[in-house]
Structures are given as C-alpha cells and as structure tokens.
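Breakdown of the fold
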Protein chains: 2
Amino acid sequence: MSDNEFSAMPLVDQPEAPVERRRRAGGRGADRTARRSTGHSKYLNLVNTMTKSTVLSEDALEAIHDASLTILEEIGMDVILPEARQRMKAAGADVTEGTDRVRFDRGLIMEMIASVPPAFTLHARNPIRNVQIGGNNLVFAQIASAPFVADREGGRRAGNQEDFRKLVKLAQSYDIIHTTGGYPVEPIDIHASVRHLDCLSDMVKLTDKAFHCYSLGQQRNIDALEIARIGRGISAEQMEQEPSLFTIINTSSPLRLDGPMLQGIIEMSSRNQVVVVTPFTLAGAMAPVTIAGAVVQQNAEALAGIAFTQMVRKGAPVLYGGFTSNVDMKTGAPAFGTPEYMKAVIAGGQLARKYNIPYRTSNTNASNTLDAQAAYESGFSLWALTQGGGNFIMHSAGWSEGGLTASFEKFILDVDMLQMVAEFLTPLDVSQDALGLDAVRDVGPGGHYFGTAHTLARYETAFYSPILSDWRNFETWTEAGRPTTYDHANRVFKDKLNEYEKPPLDLAIEVELDDFVARRKREGGVATDF
Amino acid sequence: MSDNEFSAMPLVDQPEAPVERRRRAGGRGADRTARRSTGHSKYLNLVNTMTKSTVLSEDALEAIHDASLTILEEIGMDVILPEARQRMKAAGADVTEGTDRVRFDRGLIMEMIASVPPAFTLHARNPIRNVQIGGNNLVFAQIASAPFVADREGGRRAGNQEDFRKLVKLAQSYDIIHTTGGYPVEPIDIHASVRHLDCLSDMVKLTDKAFHCYSLGQQRNIDALEIARIGRGISAEQMEQEPSLFTIINTSSPLRLDGPMLQGIIEMSSRNQVVVVTPFTLAGAMAPVTIAGAVVQQNAEALAGIAFTQMVRKGAPVLYGGFTSNVDMKTGAPAFGTPEYMKAVIAGGQLARKYNIPYRTSNTNASNTLDAQAAYESGFSLWALTQGGGNFIMHSAGWSEGGLTASFEKFILDVDMLQMVAEFLTPLDVSQDALGLDAVRDVGPGGHYFGTAHTLARYETAFYSPILSDWRNFETWTEAGRPTTYDHANRVFKDKLNEYEKPPLDLAIEVELDDFVARRKREGGVATDF
C-alpha cells in the first residue's frame, strides 16, 4: 500500500509562533532568516497556489502526448536487464526475443500510469522534516552528484569526504532545503565499494531530513533501504507503508533503460519507496534539436520508466522527471536556465499534470563562477519551475558549472533565492488591518509612515530580510570595501558551518547504524571492478 | 480623438526573413543577436500571451479598489495647482476652498477612467519603431533619470552629456529597447535652462525611437511637443491624432499632486499625448508598511491622476503606473526586486486590468555593482512584470543602485535578460516537423542527434544565443582568464558603441530642429531659479 494521504499545509494555515530573529551585531548580510522559537521556520512546508503557466495549448499537449506514445509503440525502448524485460512481457509489453527492444502499446502505458499516486509523503527520521510530494506542494532538494567542489579560497577540486560532510551540514542548516538530493559532491577519497555506506550513514547522522540513494546495483539499494530503516527506527513493514528513501532513475537517452537503473526501480518500487524517473534530454544532443521534439522524447522515456514502476508494484510512489534543455550548438556544451529550458520546464509540468503524477525538475545554471550569469540562469530556472508547477526540485542549492561543481557560495546564493521564492508564494495579507486605511488617515497627504503606530507594530517582520542582498548606499558600501554577492556568500557559508549543530539521534539508532555499516564493510561492501 | 487602434502583432505572425547572424571570430560572448537582413529584429513588437498571474482573489481585488476609493472620498489629495483644482471642481470634485485639498466621489472617478483608451500606439519618427501600448503588448523603455553613471574603467560619476549620448546610442543599438525612457543619466554639464533642448534634440538625432519629456514646468512640455513634432515631420494636427511623446507623472506620495506634474498632465493630455501616472509608494516610508496598504495608496493616487487626464481630455492616452516596493526597515534604504516588490507588481497588474488601462511597471534592483544581486533582483522583477502583465516597462536596461546610477555594463546585462524574456514569450513551435518523430525514428535507442538531418537543418537558429552567458568548459574558461559576466558586459558595451550608426534623418528636419533649438536657446530656454 502506498501512502496516498495528501496533506497540503498552506503557509497561511500554519500556527504562528513568536519569531526569534537572529542577527549578528552590525552584520550586514548576515543570516537574518526569521525562525520560530521552536527552531524550525515557516519554510518547512511550501505550497504553490499560483495559477500554473502554460506553453502548450490543449491541442499541442495532446500532440506531444500522442507522439511520445507513438514512439513507445513503434520504436520502443532498449531495456538492458533480462528480469525487467520479463516483467514487462508479463505485463503485456511486446518484447523482441534475443534483443533488448521492448515496445509498449499505448493502452498498456495509460493503464499502468493510472495507478500512480498523485501525491504522497516522503518520510524523514524527524517527522517535521517529512515532505509532501505532489499537488501544489513545492519541495527543494540540495545539489547532487557533482564530481567537483569549489569555494573561493580552496578553488575547484575533486570531491572528498570533508567537503561532502560540509555540504550535508549546510543542507541541514536551512529549512528551505527540504531534503538532500544525493551526494552533493562525490567523495572520491572513499573507496567505491563502501562509499554508499559511509555517505548514507552521514546522511542519517548529520541531517534529520529524508535522503536519496543511488541506483548503482542491487546491493547498494538494499544497503540504503536498511540504513534508512535503521535511521527512522522502524520496522521493514512500517517502512513499506511509509516511503522513506528516494532514488533518481535516469534513462540513458535516447530511449534506453540501463541495468542498474532498472534494478533500482525493482528494489525501490517493490518496497514502496520513491522513484524519480528523469530522462536527461538535451535538445540537439541526446534528443531532437527542437524543444518540442526533445519534450516528446522526454515524455516517452519518462512514461516507460513510470509504467515499469507500476508493473513492479501498483501504487508505488513515482515522480515524472523533466530535464530537457538545449546545448550550445557551436560547442555542444550544455546550456541551462535558458529560454528554451524555461519552456521545456513548463511543458513538462503540463504533461505531469495531465497524467496526475508529481513533477520533478531542477534549479540549473552553467556559470563557472558566482557571477550575474549564475544568478540569472538560476533565476530563470526558478521562474519556470515555480510557474510550471514543479513539485520536487533537484539541485535546488549549490549547483554550479552545469552540475559539474558543488559551490559553497552558490549554495548560499540559492538558499537566499529559494527563500525569496517561498516569500513570494506566501499569500498576501489583505486583512482590513493590512489594507491600512487607518494608517493612511493618520498620515494624510504629504506625511510619511516611518514612525506611525501601524509601521512600528510591523516593521521588524514586515519584509523578507535577504541573506546576501547588500542595500547599503554607495558610500557606506564603498567604505566596506565594495563587497559583491560572492564575498557575502563566502562569509555566510563559513559562519553557517561554524554554527552547525548535529540534530539529535537516539543512541540505540546510532549504535545499530554503526554496527550495520561496520558489518557491511567487513563483508567488503559492494564488489567493484575499479 | 485618441488613437485607439490596437494592432497587436504576435511574434508568430510576423513574416520570417533570412536571418543574418553576427558573430565575431572566436568571440565568446560577443553579440550574437539574430537579426533580420532588413536590419531590425524579431524583438520589435513583443506580445505576452502568457496567462497572467494573480496574488489577489476577486474579493481582495475589490477590497483594495474599495479602500482606495474610500481614501479619495474621505481624505482626498492635495492638488498643488489652482488651475488643476478649478478643472477638478468643474468636473464635479469636492474642492475645499482656501486649501489644496480635493476629494473625489467614487462615482466621479469611475466615470472619468471609463474613457481611458485600453490600448493605443505611441508613434516614433521611424514607423517601424512605433510601439503598441496595452492589451498583451510588452514594451521596454531604457533607464531614466539617474543622477550618476558608471562603467568599470570610469567608475561612478555625475552624469554628463557625453555619457548621456553614449547611453542613448546604446538604446538605439538594440531593438529590444523599444523607446528611451527619459534622460538615461542627467547631464549636469548642460545648464538646466536649456538642458531639455539639447537632450531632446539628441533623442531625435541619435535615435529613431519614441521618447519622453519631463514635466518640469509648462514651457519644457511645450518645447518637447514641438521637438517631437519636428522630428516626425508632421503637423500639430496630425500629432494630436498620433500620440508621439510621453511623460511620467509621479505623485508626491502620500496623496499629493505637485504643480509641475499637474501642468504636465494639462499640456500633454490636452494634446492627446501619453501620460504615465506613477505613484512611488515605498511601503514603510511614503506608504503603509504592508504591501496591501501600499498598493491601496498607489491605487488611490494613480486613479486620481488618471481621472484628471480625462478631465483635461476624454480619451487621452494614459497608463496606470505601479511602483510599490519596500524599504529595508533597519536603514530606510529602498529595496527592489524583492518578494514584496513582486507581489506589488502583480497586484498592480490585476488592478490595471480591472480598469482596462495599460500598465506601467519597472525592471528594478538595488545592487551597487554588477554582481549576482543585480541579476537576481532584476530577474525577480522581470518574472513579476511578465507574469503580472506589465505593458510598458520603465528602467528596463541600465538601472543600477536603486536608480541612482545608469550602468553601462548593467545595460548590456539587462538587454540580454530582456531578450531571454522575449524568447521565452515566443510561442513554442509544435508543428509536426518540430515534434521530430522522424528524427527519433532515424536515431533510435542509444544514438545521438548531433549529425542528423533534422539537427543540421536547424542548429544555427534553434536556440537563443546569449550576449553574455559564458558556457565554455572550466578549463577553456580558465585559460581565457576566468571572465565574469561583468567582464563580458564591459567589453560588449564598448564594442556596441563602436558599431553605432546614426539612424537616417531628413536634412530638412535636422535643419528645422537645429533652428528651433537655436532660437529657444537665444530666448534663454526656460527660466530657472538655480
């Protein structure tokens, strides 16, 4: 049984608690995020009630849907795992014996995806960190899978365990980051055979948020499931009722599902855990050069993967992932946060809503540093994914250089931008008191509002206080050495790491976790051929 | 008679002409804007067919409308010009004799604004530069009224004629800048008594786009009207049929209309020229500290000014201007591009559409330099004004430091971002050919699309080529010296100025213009008391 309970929690309905404002003396640009005295903020459960934007007419939406089903019927997918092909055949797909090719009748696809839950809860070991996926809910996951890491002092370097841990600690430090999203950077100083054990153990200990496991062979999935279960301190039976782990399943575009990905679906969906099927369809490279064509292919691949989750287990929680962008046609370099990316994100949202499946997309950019480009490409991404109705946003914070680098400074920039999106989505107060007629009467023509009772009662919490924006006048800013956003972000991430506190964890759970990891390491972890 | 003809020209309906791509050899980040061989691009007439976003329910919209009319009835406005009070009294307003106070019955306001044209054409001396204002049209005007100017080499300095001219030339150089928006920087090396003569003469000679005149006393308006008429080579009668000049009328918030502004409305509206009534209502300073309250006051002030234009001349073209943002409550510094600004922009759009009046808003930010903040604040502004249905966007390019500085580099950054917005708004091609089924059939599972016929036929024009985005890989970018967006923008603005070409102007017009300016200078221009 999947957990189909859908408890949207609009910000406006949340009980208000006294606000504790954290400032450092004279600290321009310090972290001034309003927090509740309970220690968690209003950013925990975000709801996006904006009317969603569209780039496809109803007819165009049907045309894309129809073309993608034609692809699955006529061309099919290469499915690189005998067990998966057997399961597909059993479900009614057309498997060409002696090859990897599987073709899917459109009726079969539609029948399969009909059982996908439109919304569900992803459980964390701390219940206040549970995230609602689907409907109008908006969940931000940290950057995942960068091979490199960068900060200003250390430059760009290969990932290691220390930087991995720092990034995970930062994810824990901001409530706007609802879950981690994988390894924020790949810690290559840990041997691949045991890396998942150390990394996932860190996810349990350093955060109390839900987390992701890589589908890189059956055993890693099984280890991850056990670590997530131990972390939550529940039985395997309870975990099967309560999705508590997610995995990203990338198709190998065009039109191929690789073995480890298919194994991941089998292990995760059969236990009612969360699968995010995401084709990576760069228009002009792994997909047609037109955005419409790339979205057609994205849709075909996503539907095939989603249908397979339901062949494994009807009702298993799964997301429709869209990751269509364009390439720079002069160099083949991927481009992100472009107008084409925006249209693809919004088109993907229309398709996911058509199928009533939660929608995963990403906060992207291709800049090599923290400059205006990093901000405008991420800003355009956030625009599109918000207006397009993204539910689960991968790479929300820290993504730099087209995903090759996890940037500490970019992480802070993104947190600030995400918080601004959250504030934008907070319903506007239009109470009689907020309309302020009495204040206007008090001040009258020609006055000002700085000292009025209406202002004094509200000024401390009236507006969002950004982490990074420097609003000092030019002279004061010059006296301070003309710091840029990059300078502020560099200072803030280090301050935030200094302030980090490990979330409480039951000693019994910690012991069980350490025992499990130690045993699995003694067993050699996972066999690797490198 | 106002020109109510509304000829929306969707991009998709424009005839396609061969595209000439302008690149410099090896020039990463050079200006690669696609242009037609005719010399003007697809950015001339922008149409925003996105469904507009809302932040107010129908009830909340009514509540704001109602509260603002209550203000005009109960409190009223201070109207600092006897002639204006007389005209208002004649129209039925309640003028308190011996004071500046005027109160407006809500029925009077609604009756007056009913005659505002929902859309009209602002005529330029080159007809391809005419802009359609209202409906779904989107017009970008350059930065206006900055006291300072900045580029990286020259630093921040007071405005002068040379920089004024450079900025006007840049406005002419990009079709995405549809009109200038005032003096992009105040050239204080020209005496105030004749500054308008030199500056507006430059507007005619250095651009062929429509322009703005400041309402700083009756005589300046009259001179500007004559310069606009001469520039277009038309009679006063024809100009009265064809709005060819616009003026921004700022209320003096809270609730005051100053003399020169009222004179500006009288001179401009009586001749059927374009008035943009814009309260500048910073929540917490000149308006209530709540965004809803500030929007209530904005609406009251805007409606009073708009109603007055119709008292002067029924059917005169006028825009509803919104400029509500918040201040940093710790310092009183204005903040822009904030979540609060976004909500105010979208609320303003809802009000303008309720009244069926074209909507003016702005591309804002408060950064002191060209950093990530400059980009994310402008990006959030563009998001809000696009989704909010802005028709006429002031300060579209070059606005820095909360409007205190016209930045050459920011101008280029904004042009790039505006072009991306325009590309985003271009309808997605969903033709059978774009859906690309045949290309998918050709490539099949596991291939790639780099060399396919479908790709080769389209790759040169498939995607927007940004001016500034640096998509080189880290190694190549490092070899190039790790340039940031700021570096690229610095190079591009200088290149663009070198490429500038003066638009053709009839010799007879130039002579008439020079004679007029010379005569008015001999007459002493406008009397000044400073």
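Residues numbered from 1 in each chain as written. Chains lettered and ligands numbered in written order. Predicted model: local features only at pLDDT ≥ 70, side-chain atom pairs only at ≥ 80, totals over all residues. Heavy atoms only, no water.

- An unreviewed UniProt entry lists chain A under the name Methyltransferase, with Pararhizobium antarcticum given as the organism.
- As its UniProt record puts it under Sequence similarities (unreviewed entry), chain A is described as follows: "Belongs to the trimethylamine methyltransferase family." (UniProt positions renumbered as here; feature names shortened; annotations may be inferred.)

Concerning the pairing of strand β18 (residues 324-327) of chain B
All names here are of chain B.
- Here strand β16 (residues 281-283) pairs with β18 via three bridges, running parallel. Paired with Thr281 across the strands is Thr324, a residue of β18.
- Between the end of β18 and the start of strand β19 (residues 334-335), which pair antiparallel, lie six residues, with Gly332 showing a positive phi angle near 80°. (Pairing = 2+ DSSP bridges. Helix = DSSP H or I, 4+ residues; strand = E, 2+ residues; numbered from the N terminus.)

Considerations on the packing of helix α6 (residues 218-232) of chain B against helix α18 (residues 507-522) of chain B
Residue and element names in this part refer to chain B.
- At their nearest, the axes of α6 and α18 sit 8 Å apart, and the two run at 165° to each other. By the angle between their directions, the pair α6 and α18 is classed as roughly antiparallel. When you trace α6 past α18, the crossing you get is right-handed. Residues Gln219, Asp223, Glu226, Ile227, Arg229, Ile230, Gly231 and Arg232 of α6 touch α18, and the partners they reach there are Ile509, Glu512, Leu513, Phe516 and Arg520. (Axes fitted to C-alpha atoms, helices over the stretch in contact; angles between N-to-C directions. Parallel < 35°, antiparallel > 145°, perpendicular 65-115°, else oblique. Left-handed = near helix turned anticlockwise from the far one by under 90°. Contact = heavy atoms within 4.5 Å.)

Here's the deal with the packing of aromatic side chains
Residue and element names in this part refer to chain B.
- All chains considered together, the criterion is met by 29 aromatic pairs over all chains.
- Consider the rings of Phe246 and Phe392, whose centres lie 5.1 Å apart with planes at 80°: the pair is edge-to-face. Of this pair, Phe246 sits in strand β13 (residues 245-250) while Phe392 sits in strand β21 (residues 392-394); the two residues are 146 residues apart in sequence, bridging distant segments of the chain.
- Its relative accessible area of 1% is what places Phe392 among the buried residues.
- Here Phe336 and Trp399 contribute two aromatic rings whose centre-to-centre distance is 5.1 Å and whose plane-to-plane angle is 80°, an arrangement assigned as edge-to-face. Here Trp399 lies in strand β22 (residues 399-400) and Phe336 lies in the loop between β19 and α10 (339-355), a separation of 63 residues in the sequence. Here Phe336 and Trp399 have matching classes, each one buried. (Phe/Tyr/Trp six-rings, centres within 6.5 Å; stacked < 30°, edge-to-face > 60°. Buried < 20%, exposed > 50% of the residue type's maximum accessible area, 1.4 Å probe, protein only.)

Quick look at the interface of chain B and chain A
- Facing 110 residues of chain B, the contacting portion of chain A comprises 110 residues.
- For the pair chain B and chain A, the summed buried surface comes to about 9400 Å²; carbon and sulfur atoms form 70% of the total.
- Together, Trp383, Phe463 and Trp471 of chain B form the three largest contributors to the area buried by chain B at its contact with chain A, with a combined 9%.
- The tally of links between chain B and chain A comes to four salt bridges.
- A salt bridge links Glu475 of chain A to Arg156 of chain B, with the shortest nitrogen-to-oxygen separation between them at 3.6 Å. (Buried area = accessible area lost by both parts, 1.4 Å probe. Salt bridge = Lys/Arg side-chain N within 4 Å of Asp/Glu carboxyl O.)

Remarks on the relation of the copies chain B and chain A
- Overlaying chain B on chain A yields an RMSD of 0.0 Å, the required transformation being a rotation through 180° with an accompanying axial translation of 0.0 Å. Expressed as an axis order, the relation between the two copies is that of a two-fold axis. Across chain B, the smallest distance between a C-alpha and the rotation axis is recorded for Ala372 of chain B, namely 2.1 Å.
- Taken together, the interface assignments show that 100% of the residues at the interface of chain B recur at the interface of chain A, consistent with an identical surface on both copies. (Least-squares fit on C-alpha atoms with pLDDT ≥ 70 in both.)

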